[in-house]
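Below are the chains, spelled out letter by letter.
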Amino acid sequence: MTQYTNTISTFELLERFPTEESDRLYFEQKLWNNKPKCPSCANQTPKQIYHHPSRLGLYCCKCCKTQFSVRNNTLMHASKISLRKWLYGMYLVVTARKGISSYQLVKELGITQKSSWFMGHRIHKACKNNNVIISGIIEIDET
Ligand SMILES: [Zn+2]
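All figures in this text were calculated on a predicted structure; none of them were measured in a lab.

**Observations concerning the pattern of salt bridges**
Where charged atoms from two side chains of opposite charge come close, those side chains can pair.
Phase 1 of the analysis: Summed over all chains, the structure comprises 3 salt bridges.
Phase 2 of the analysis: Where Glu 28 meets Arg 24, a salt bridge forms, and the shortest distance between an N and an O atom there is 2.7 Å. Here Glu 28 pairs with Arg 24, and both are found in helix H2 (residues 20–32), just 4 residues apart, close to one helical turn. Each member of the pair, Glu 28 as well as Arg 24, is classed as buried.
Phase 3 of the analysis: Through salt bridges with shared partners, one network takes in Glu 21, Arg 24 and Glu 28.

As structure tokens, then:
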């Protein structure tokens, strides 16, 4: 694995992503280039994808009636952990020079041991697959 140089501080990271909403917008830009894409039929036509009227970040596809969010088909799929904790967890894993234990994730993120194992496993798997979200986190760290 490449040695990543840690160029932004945790403080800067948290300043850049202060809210759940800022993280959602970041992931949407990274994954979809701001054009939500249906995970079921791959439809990305703006007029056929609309916002759910009451749930921010949830989209509906007119073609196949699928409801989806930026989490679908990503390492955050079907997880109840907030996007902020995911983003920070990814940051911790990709920038830890000597690796990070599941116990450290528990402490840093305030999640359960079970969630930490789940998250750590998914992040490591995504790292191996050159995941677009993980490369985004590495870019954040390098800019
Ligand atoms: Zn669809």
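**Some details on the coordination of the zinc ion**
Phase 1 of the analysis: For the zinc ion, the protein coordination sphere consists of Cys 38 (SG), Cys 41 (SG), Cys 61 (SG) and Cys 64 (SG), at 2.2 to 2.3 Å.
Phase 2 of the analysis: Positions of the donor residues of the zinc ion, expressed as sequence spacing, correspond to C-x2-C-x19-C-x2-C.

**Quick notes on the environment of Lys 47**
Phase 1 of the analysis: On the secondary structure map, Lys 47 appears in the loop between H2 and strand E1 (49–51).
Phase 2 of the analysis: Taking the relative accessible area as the measure of exposure, Lys 47 reaches 75% and is therefore exposed.
Phase 3 of the analysis: Residues Lys 47 and Cys 61, spaced 14 residues apart in sequence, show a C-alpha to C-alpha distance of 9.5 Å.

Basis of the calculations
- Residues numbered from 1 in each chain as written.
- Predicted model: local features only at pLDDT ≥ 70, side-chain atom pairs only at ≥ 80, totals over all residues.
- Heavy atoms only, no water.
- Salt bridge = Lys/Arg side-chain N within 4 Å of Asp/Glu carboxyl O.
- Helix = DSSP H or I, 4+ residues; strand = E, 2+ residues; numbered from the N terminus.
- Buried < 20%, exposed > 50% of the residue type's maximum accessible area, 1.4 Å probe, protein only.
- Donors = N, O, S within 2.8 Å, 3.2 Å for Na, K, Ca; no water.

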